[in-house]
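Read off the chains here:
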Amino acid sequence: MKDYKQIIIDRDKERELLNAAKYEERQTKAYLARYSAFCEYHKNTVVPIELKLGKPETRIVYTICGYSEKHGYFRNKYDVVDTLKEAKKTALELKNDKDWGIPTLILEVTFFRSETLGCYDFDNNEPHNLGFSQDQKIVWKHKCGYTSESWEDILNGLGNDYTY
């Protein structure tokens, strides 16, 4: 049986090969089958090993989102940062920008290692490359001068998925 570190190294090599494929190749049945097998292998074999090796089960980031009245939801990721302090700094700049003027949220966004596809490095990659988050919580909100709807009206029907 391969040692744990070698399994992770092999997964990383396969990930690089899959990500290096050109668009046309990615549309083939062979590529899609290989990618699907990779995702299953990552989830069922590599993730449990990473957790045994002490890698974190979750990754939390903060996203600053502006409301789209046209679409009825928050446009994802004006900015994504690793700390709430950084997020608040950006949100306060938007709040004070007279041209911004739309409801703004800071969401605490949680990704679970076991739910990511493995095509990007969970620990060292931009959060927007990790796919869909498994949990979103509002940690700050401000209307930024917007007066057309109440927070209740804006948030109604969004559940726990504030962004796409």
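Described in the following lines is the structure provided in the data block. (Residues numbered from 1 in each chain as written. Predicted model: local features only at pLDDT ≥ 70, side-chain atom pairs only at ≥ 80, totals over all residues. Heavy atoms only, no water.)

Section: the nonpolar core
- Counting 17 residues, the largest nonpolar core has Phe74, Ile154 and Leu155 as its most contacted members.
- Broken down by secondary-structure element, the contributors of at least two residues to this core are β1 (58-68), β2 (73-81), β3 (104-112) and α5 (151-155).
- Considering each element in turn, this core owes the most residues, four residues, to β3.
- Counting 10 residues, the second largest nonpolar core, distinct from the first, contains Tyr62, Ile64, Ala87 and Trp100. (Core = buried A, V, L, I, M, F, W, Y, C linked by side-chain atoms within 4.5 Å. Buried < 20%, exposed > 50% of the residue type's maximum accessible area, 1.4 Å probe, protein only. Helix = DSSP H or I, 4+ residues; strand = E, 2+ residues; numbered from the N terminus.)

Overview of the packing of aromatic side chains
- Applying the stated criterion across every chain, the model contains three aromatic pairs.
- Considering the side-chain rings of Tyr67 and Tyr146, the 6.2 Å spacing of their centres and the 70° angle between planes classify their relative orientation as edge-to-face. Of this pair, Tyr67 sits in strand β1 while Tyr146 sits in the loop between β4 (135-142) and α5, placing them 79 residues apart in sequence.
- The exposure class assigned to Tyr146 is buried, which follows from its relative accessible area of 9%.
- Among the aromatic residues, ring-to-ring pairing joins Tyr67, Phe74 and Tyr146 into one connected group. (Phe/Tyr/Trp six-rings, centres within 6.5 Å; stacked < 30°, edge-to-face > 60°.)

Digging into the side chain of Thr63
- Following the sequence through the fold, Thr63 ends up in strand β1.
- Exposure remark for Thr63: the relative accessible area of 2% places this residue in the buried category.
- Here Asp79 takes part through its backbone oxygen, which lies 3.4 Å from a polar atom of the side chain of Thr63. (Polar contact = N/O pair within 3.5 Å; in protein donor to acceptor, adjacent residues only side chain to side chain.)

A word on the pattern of salt bridges
- Applying the stated rule across the entire model yields nine salt bridges.
- Here Asp12 makes a salt bridge to Arg15, at a shortest N to O gap of 3.2 Å. Here Asp12 and its partner Arg15 are both found in helix α1 (residues 4-20), three residues apart, which amounts to about one turn of the helix.
- One continuous salt-bridge network, built from bridges that share partners, spans Arg11, Asp12, Arg15, Glu50, Lys55, Arg113 and Asp123. (Salt bridge = Lys/Arg side-chain N within 4 Å of Asp/Glu carboxyl O.)

Observations concerning unusual backbone geometry
- The phi torsion at Cys144 lies on the positive side, around 55°, for a residue other than glycine.
- Along the chain, Cys144 falls in the loop between β4 and α5.

Things to note about α1
- Taking 1.5 Å as the rise per residue, α1 with 17 residues should run 24 Å; its terminal C-alpha atoms sit 25 Å apart, in good agreement.
- Buried within α1 we find Ile7, Ile8, Arg11, Arg15 and Leu18. Projected down its long axis, α1 shows its buried positions confined to an angular sector of 95°, all on one face. Exposed positions of α1 whose direction lies more than 90 degrees from the buried face are Lys5, Lys13, Glu16, Leu17 and Ala20.
- Of the residues that open α1, the one with a side-chain oxygen 3.0 Å from the backbone nitrogen of Lys5 is Asp3. (Expected span 1.5 Å × (residues − 1). Arc of directions from axis to C-beta.)

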